[in-house]
Amino acid sequence: MTFLHLFIVNNSTSNPNTNSTGIETIEAGPLTLRCLQTPTGLKFILTALSPSPPTSMDDALAEIYAVYSDYAMKNPFYELEMPVRGEKFERGVRQAVMAKEGKGGYLR
């Protein structure tokens, strides 16, 4: 819910004449929040302990998006805006994060 409020504030204060993709990174104390917005407007948010390398977070988000695309979008029973639940999906997300965490140890 906190993330939703951040995006509402961002959308209400941004200039509609720009091609802004919204919030990409927020750094606050020991945490970094990184957001990947897909072309369809779906947002994936990853939090990590600072200083987490941005490329590592971007790579993890890209892999999570790929897992989502494979699992949810290829599922004929999935409907947009429906929560994605399933062991395969959760395992894929865990593996994507753990693969990047092993390279830096910061992702959570």
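For the structure itself, look to the data block above.
Remember, predicted model here, so these are calculated numbers, not experimental data. (Residues numbered from 1 in each chain as written. Predicted model: local features only at pLDDT ≥ 70, side-chain atom pairs only at ≥ 80, totals over all residues. Heavy atoms only, no water.)

### A look at the environment of A96
Tracing the sequence through the fold places A96 in helix α3 (residues 87-104). Since its relative accessible area comes to 3%, A96 is described here as buried. Separated by 30 residues in sequence, A96 and A66 have C-alpha atoms that sit 9.6 Å apart. Those residues within four positions of A96 in sequence are excluded, and the remaining contacts are A60, E63 and I64. (Helix = DSSP H or I, 4+ residues; strand = E, 2+ residues; numbered from the N terminus. Buried < 20%, exposed > 50% of the residue type's maximum accessible area, 1.4 Å probe, protein only. Contact = heavy atoms within 4.5 Å.)

### Overview of the pattern of salt bridges
One pass over the structure, following the stated rule, counts 3 salt bridges. The salt bridge partner of E87 is R91, with a shortest N-O separation of 3.1 Å. You can see E87 and its partner R91 sitting in helix α3, 4 residues apart, about one turn around the helix. Residue class for E87 comes out exposed when judged on its relative accessible area of 60%. Residue R91 is classed as partly exposed on the basis of its relative accessible area, which comes to 36%. (Salt bridge = Lys/Arg side-chain N within 4 Å of Asp/Glu carboxyl O.)

### Describing the nonpolar core
If you look at the biggest cluster of nonpolar residues, it comprises 14 residues, and the most contacted ones within it are F44, L46, I64 and Y68. Those elements that provide at least two residues to this core are β3 (43-49), α2 (54-71) and α3. The biggest single contributor to this core is α2, with 6 residues. Look past the residues within four positions of F44 in its chain and what remains in contact with it is R34, C35, L36, T38, L61, I64, Y65 and Y68. (Core = buried A, V, L, I, M, F, W, Y, C linked by side-chain atoms within 4.5 Å.)

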